[in-house]
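Each chain, letter by letter, is given below.
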Amino acid sequence: MSGKALPPGSTIGILGGGQLGRMLALAAAPLGLKCHIYAPEADSPAFQVSANYTVADYLDEQALAGFAAKVDVVTYEFENVPARTVEILEARVAVRPGSKALAVAQDRIKEKTLARELGAMTADFAAVNSLDDLREAVQRVGAPGILKTTRLGYDGKGQAKVNGAADCEAAWKAIKGEPAIYERFVHFDREVSVIIARDLAGKVAAFDVTENVHRNHILYTSTVPARVAPEVASEAVFVAQRMVEALDYVGVMGVEFFVGADVLYVNEIAPRVHNSGHWTMDGCLVSQFEQHIRAVAGWPLGATARHANVVMTNLLGDEAGVWPGIAMEPEAVLHLYGKAEARPGRKMGHVNRVQPLRQ
Ligand code: AMP
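Now for a quick tour of the structure. (Residues numbered from 1 in each chain as written. Predicted model: local features only at pLDDT ≥ 70, side-chain atom pairs only at ≥ 80, totals over all residues. Heavy atoms only, no water.)

Moving on: the environment of G317. Residue placement: G317 occurs in the loop between β16 (308-316) and α11 (323-328). Separated by 25 residues in sequence, G317 and A342 have C-alpha atoms that sit 4.5 Å apart. Once residues lying within four places of it in the same chain are set aside, the contact partners of G317 are A342, R343, G345, R346 and M348. (Helix = DSSP H or I, 4+ residues; strand = E, 2+ residues; numbered from the N terminus. Contact = heavy atoms within 4.5 Å.)

This is how it looks when you write it as structure tokens:
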């Protein structure tokens, strides 16, 4: 084990208090590691399972300094952490993954450019900073396509479909004239993702490739095994490996792909634990959450072998009301996030339906 491993009793600081922060804190506990959550919302679900927390704005320098003094390492559960927040923290304590990974993941153009530099395919794209740029991009790249804000988009927010030149004005208006990327529409057969981890010593481990289905731009199910050829699965893992290596990454990363005619296109990277990795909680000895905690704490990575086939289904909004039925299913494992209000589309929990692999 690396000499830099944080011993049990150490404290991991986590920026963000949503369900991912909550599941990270739950995974740290069996390793004897404590967590300190930092989030601006007083009712953050992660606070319920963490001994220590701070309620403050991400740009509150005094609160950040106080937080940094109380933790041994800092990580985060969402990629839109302001660069200034990381800068303040990095001056005081290790932040993993570091600012390099965050800068790339926060910008769809940087993300796709890196993927291409590493020899991976992406949808054809062009940077768009004006309506004229968009018209030219549609002509050059081709239609149909999607206009997406370069930064701060998630779950389909900040996106507009462009079927041809006639849609440019409306699309530009729809994303409110923010700096954007225009992407050619990829005709894919399925969407898959790789959840990969890299430790402080540079060792890499990936979980099995997952097949994902979205509903209204929000992840609905993740299934393992994914229905892809073995060569496609190994190529996806290899692309993800090149990504974490190029970014000198420490922690868990999610890489999302489209698969069309056995060709992989990188869509997006997430510098954090990822919704499409929730199946690992009940399908592997070590979950993506424990894996991330191990990596950022300087521990060796755990085993990623899968002991079950799993279908993970997100419970959005009122769907969480079906919990009594799920609680009676013998091979279902329920995970509820402790959120008080079930707004439409809000991730309230998930269920892993597990089919153990027989030896
Ligand atoms: P994103 O926010 O980039 O993850 O996009 C959300 C969803 O929109 C993806 O999971 C796809 O289902 C769809 N999508 C995004 N970009 C493209 C593309 N270039 N071609 C086809 N579908 C896309």
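What follows covers helix α5 (residues 108-117). Along α5, the residues classified as buried are R108, E111, K112, L114 and A115. The buried residues of α5 occupy an angular sector of 155° when projected down its axis, which confines them to one face. Capping the start of α5, D107 holds a side-chain oxygen 2.8 Å from the backbone nitrogen of I109, two or three residues further along. In the stretch just after α5, G119 is the one whose phi turns positive, near 85°. (Buried < 20%, exposed > 50% of the residue type's maximum accessible area, 1.4 Å probe, protein only. Arc of directions from axis to C-beta. Polar contact = N/O pair within 3.5 Å; in protein donor to acceptor, adjacent residues only side chain to side chain.)

Moving on to the nonpolar core. Membership of the largest hydrophobic core comes to 59 residues, with the highest contact counts inside it found for I12, L15, L33, Y38, V74 and L89. The element that contributes the greatest number of residues to this core is helix α1 (residues 19-28), accounting for six residues. No fewer than three residues from each of domain 1 (11-97) and domain 3 (190-356) sit in this core. Excluding its chain neighbours within four sequence positions, the residues that come into contact with Y38 are I14, L15, G16, T54, A56, D57, Y58, D60, A63, L64 and F67. (Core = buried A, V, L, I, M, F, W, Y, C linked by side-chain atoms within 4.5 Å. Domains from an automatic or database assignment.)

With that settled, consider the pairing of strand β12 (residues 210-215). Note: strand β10 (residues 190-198) against β12, three bridges, orientation antiparallel. By the bridge assignment for β12, V192 is matched with E211. Pairing geometry for β12 and strand β13 (residues 218-224), over five bridges, is antiparallel. By the bridge assignment, N212 is partnered in β13 with S222. (Pairing = 2+ DSSP bridges.)

As a further point, take the packing of aromatic side chains. Each aromatic ring pair is characterised by the separation of its centres together with the angle its planes make. Enumeration over the complete set of coordinates arrives at six aromatic pairs. Between the aromatic rings of F188 and F258, the centroid separation amounts to 4.6 Å while the plane-to-plane angle is 5°, which identifies the pairing as stacked. Remark: F258 occurs in strand β14 (residues 251-260) and F188 occurs in the loop between β9 (180-184) and β10; sequence separation between them is 70 residues. With a relative accessible area of 32%, F188 lands in the partly exposed category. A cation over a ring is seen here: K161 above F185, with NZ or CZ 4.9 Å from the ring centre. Taking NZ or CZ as reference, R242 lies 4.4 Å from the ring centre of F238, over its face. (Phe/Tyr/Trp six-rings, centres within 6.5 Å; stacked < 30°, edge-to-face > 60°. Lys NZ or Arg CZ within 6 Å of the ring centre and 35° of its normal.)

This part is about helix α6 (residues 131-141). Restricting attention to buried positions, one finds in α6 the residues L131, L134, A137, V138 and V141. Along α6, the residues classed as buried sweep out an arc of 115° about the axis, all on the same side. Those residues of α6 that are exposed and angled more than 90 degrees off the buried face are D132, Q139 and R140. Here the buried face of α6 lies against β6 (125-128), β7 (145-149), β8 (159-162), α7 (168-174) and β9. Count one or two residues on from α6 and you reach G142, which has phi positive near 105°.

Moving on, we get to the sheet that holds strand β1 (residues 11-15). As summarised here, the arrangement of the four strands in space is β3-β2-β1-β4, forming an open sheet in which the pairing is parallel. The sheet is open, and its two edges are formed by β3 (52-55) and β4 (73-76), each paired on a single side. In this sheet, adjacent strand axes meet at a mean angle of 20° when their direction is disregarded. Note that β1 and β4 share four bridges and pair parallel. Bridge pairing in β4 links I12 to V73. (Axes fitted to C-alpha atoms, helices over the stretch in contact; angles between N-to-C directions.)

This part takes up the site of the ligand. As a matter of local geometry, the ligand sits amid 16 residues, with R108, K148, Q159, V186 and E191 nearest to it. Measuring from a nitrogen atom of the ligand, one finds a side-chain N or O atom of E183 at 2.9 Å. The backbone of V186 places a nitrogen or oxygen atom 2.8 Å from a nitrogen atom of the ligand. At the level of elements, β7, β9 and β15 (263-270) are the ones that each hand at least two residues to the shell around the ligand. Here the shell around the ligand is built from residues that sort into six nonpolar, four polar and six charged. In this structure, the shell around the ligand is formed jointly by two domains, domain 2 (124-184) and domain 3 (190-356), each of which donates at least three residues. (Near = heavy atom within 4 Å. Nonpolar A, V, L, I, M, F, W, Y, C, P; charged D, E, K, R; others polar.)

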